[in-house]
Amino acid sequence: MSGGMSFELTEDQQLIRQSVAELAAKFDDHYWMTKDQAHEFPREFYDAIAGGGWLGMTIPEEYGGHGLGITEATILAEEVARSGGGMNAASSIHMSIFGMQPVVVFGSDEMKAETLPRIVSGDLHVCFGVTEPTAGLDTSRITTFAKRDGSDYVVNGRKVWISKALESEKILLLTRTTPRDDTAKPTDGLTLFLTDIDRDHVDIRPITKMGRNAVSSNEVFIDDLRIPAEHRIGEEGKGFSYILHGLNPERMLIAAEALGIGRVALDRAVKYANERVVFDRPIGMNQGIQFPLADSLARLDAAELILRKATWLYDNGKSCGREANMAKYLCADAGFAAADRALQTHGGMGYSEEYNISRFFRESRLMKIAPVSQEMILNFLGSHVLGLPRSY
Ligand SMILES: Cc1cc2nc3c(=O)[nH]c(=O)nc-3n(C[C@H](O)[C@H](O)[C@H](O)COP(=O)(O)OP(=O)(O)OC[C@H]3O[C@@H](n4cnc5c(N)ncnc54)[C@H](O)[C@@H]3O)c2cc1C
């Protein structure tokens, strides 16, 4: 990375952008609409991304990956979403791209050797189990409990919204190993595992949801699931800190996905606004249509800049909490606004499924809620950056 200020991607990064865009372009609107409507995992797309070697982008080279940074990962995520694949495409590969970070950093050598090469090849699907119905965003309140029993743990509890659980062989599972009331800090006493989803002890039920239907999100009921102690990541009781480690990069990835959807929605809106003639003029000649689109362009470009700053800081080992949170907040907002305006530009056709705009609208709405809500981002900025009192 050069010392001076630069807004240019390196040649390698530009090549990544171009190659991913070319690959993703092979999957057209019809493909994504069909998968979304059929609630079917986009296996062909996933296999193509794996076949191109992209799943291992951030996995260390010794495990078959490319050892690249979050900058490259966000370029990939943005292009995948921007291709029109949106969140259906991005969520199908999201966990492989950076979700294994707790394993990479804190996992045992055996665990890494067993799982990371399989992530790279695309053969291993993993989901991430944190959210619980009664805990919400207050992760310290989770109650799924892992009780030590000899060389195993026995787990009981319930998770909700777990994406891709239906398609996954393993789950990165956050549990409690010490009751909240018996710990010094509420976030102590949480333990993280990477373990097999044994269907005899894990019941998975898809949730009917508003969009991104090619990738399931599920209720997960865990009933006396035995987990060998070797499946624990790092030390008992430190699971929350391991998860924290991956939160900033995850926010950046989500930001990039929101940005990608915003870009594709804007492109489609511009095309339609130039072509659609009403009252003897293209509708894009009207400032009521043109200005919101121009405004979205400015907002997407500005959001991208803070994202680029965040990824640069992270890849250069500098603290990036402020920027990562802002990037998620601003990209989610700009992405959704662009999709909403694209829908308005398309008039009645925006509301139909034919133009895919309604799919972008439904999918871009998600990033204002998950994996962390806009309110929690403002809470972080308000209390951690500005020094205001906490509400959480
Ligand atoms: C499609 C989808 C996929 C998902 N995939 C996964 C997954 O793979 N794994 C996983 O673990 N989870 C997943 N989630 C869960 C997601 O991370 C949570 O939905 C999200 O973190 C919000 O938590 P909650 O739904 O419990 O909201 P709640 O905690 O119930 O919050 C409800 C609302 O209250 C607001 N609120 C709460 N407290 C405060 C406060 N102090 N100040 C201001 N506002 C506040 C929140 O911002 C939110 O708007 C997914 C969710 C969705 C919708």
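Refer to the preceding data block for the structure.
Per chain, the residues get numbers from 1 upward, laid out in the order the sequence is written. pLDDT decides what is reported in this predicted model: residues at 70 or higher carry local features, side-chain atom pairs at 80 or more are listed and counted, and totals for whole chains, interfaces and linings draw on all residues regardless. As a convention, hydrogens and water are excluded, and side-chain values are obtained from all of the structure's heavy atoms.

(A) Representation of a negative patch on the surface in the model. Distance thresholds for patches are 9 Å for like charges and 5 Å for nonpolar side chains (Val, Leu, Ile, Met, Phe, Trp, Tyr), applied to residues having over 30% relative accessible area and no salt bridge. For the accessible areas, the method is Shrake-Rupley and the probe is 1.4 Å, while residue cover comes only from the protein chains on display. Criterion for a salt bridge: a side-chain nitrogen of Lys or Arg within 4 Å of a carboxyl oxygen of Asp or Glu. When charges are counted, Lys and Arg are positive and Asp and Glu negative, with His and the chain ends excluded. Every charge is mapped onto a representative atom, which is NZ of Lys, CZ of Arg, CG of Asp or CD of Glu. Taken together, the side chains of Glu62, Asp109, Glu110 and Glu230 define an acidic patch exposed on the protein surface. Secondary structure counts use DSSP, requiring at least four H or I residues in a row for a helix and at least two E residues in a row for a strand, with both numbered from the N terminus. Tracing the backbone shows Glu110 in helix α6 (residues 109-121).

(B) Here's a closer look at the side chain of Thr144. Its location among the elements puts Thr144 in the loop between β1 (126-129) and β2 (145-149). Each residue's exposure class comes from its accessible area (1.4 Å probe, protein chains only) as a fraction of the maximum for that residue type: buried when under 20%, exposed when over 50%, partly exposed otherwise. The class of Thr144 is buried, set by a relative accessible area of 0%. Of note is the side chain of Thr144, whose polar atom sits 2.7 Å from the side chain of Glu132. Contacts described as polar in this section are N or O atom pairs within 3.5 Å, which, within protein, must combine one atom able to donate a hydrogen with one able to accept it, while residues neighboring in sequence count only if both atoms come from side chains. Among the polar contacts listed, one links the side chain of Thr144 to the backbone nitrogen of Arg158, at a separation of 3.2 Å.

(C) Structural context of the packing of aromatic side chains. Aromatic pairing here means that ring centres of Phe, Tyr or Trp (its six-membered ring) are within 6.5 Å. Orientation follows from the plane angle: under 30 degrees is stacked, over 60 is edge-to-face, and everything else is tilted. The tally for this structure, following the rule as stated, stands at 10 aromatic pairs. Aromatic side chains Phe98 and Tyr314 sit 6.2 Å apart centroid to centroid with 75° between the ring planes, which places their arrangement in the edge-to-face category. Of this pair, Phe98 sits in helix α4 (residues 70-99) while Tyr314 is found in helix α8 (residues 287-315), placing the two residues 216 residues apart along the sequence. Its relative accessible area of 22% is what places Tyr314 among the partly exposed residues. For the pair Tyr272 and Tyr355, a centre-to-centre distance of 5.5 Å together with 75° between the ring planes defines the contact as edge-to-face. Pair noted here: Tyr272 is in helix α7 (residues 239-275) and Tyr355 is in the loop between α10 (348-351) and α11 (357-366), with a separation of 83 residues, a long-range link. Members of the aromatic cluster, connected to one another through ring pairs, are Phe27, Tyr31, Trp32 and Phe45. Against the face of Phe336 rests Arg365, its NZ or CZ located 5.6 Å from the ring centre. Whether a charge lies above a ring is judged from NZ of Lys or CZ of Arg, which has to be within 6 Å of the ring centre and within 35 degrees of the ring normal.

(D) Layout of the pattern of salt bridges. Within this structure, the stated rule accounts for 29 salt bridges. For Arg226, the salt bridge goes to Asp152, with nearest N and O atoms at 3.0 Å. On the criterion of sequence distance, the pair formed by Arg226 in strand β7 (residues 217-228) and Asp152 in strand β3 (residues 152-163) is long-range, its members being 74 residues apart. Taking the relative accessible area as the measure of exposure, Arg226 reaches 44% and is therefore partly exposed. Across the pair Glu235 and Lys238 runs a salt bridge, and its minimum N-O distance is 3.2 Å. Among the residues examined, Lys238 registers a relative accessible area of 39% and is labelled partly exposed. Linked by salt bridges that have partners in common, Arg17, Glu78, Glu79, Arg263, Asp301 and Glu304 make up one network.

Just distances and angles here, no functional claims.
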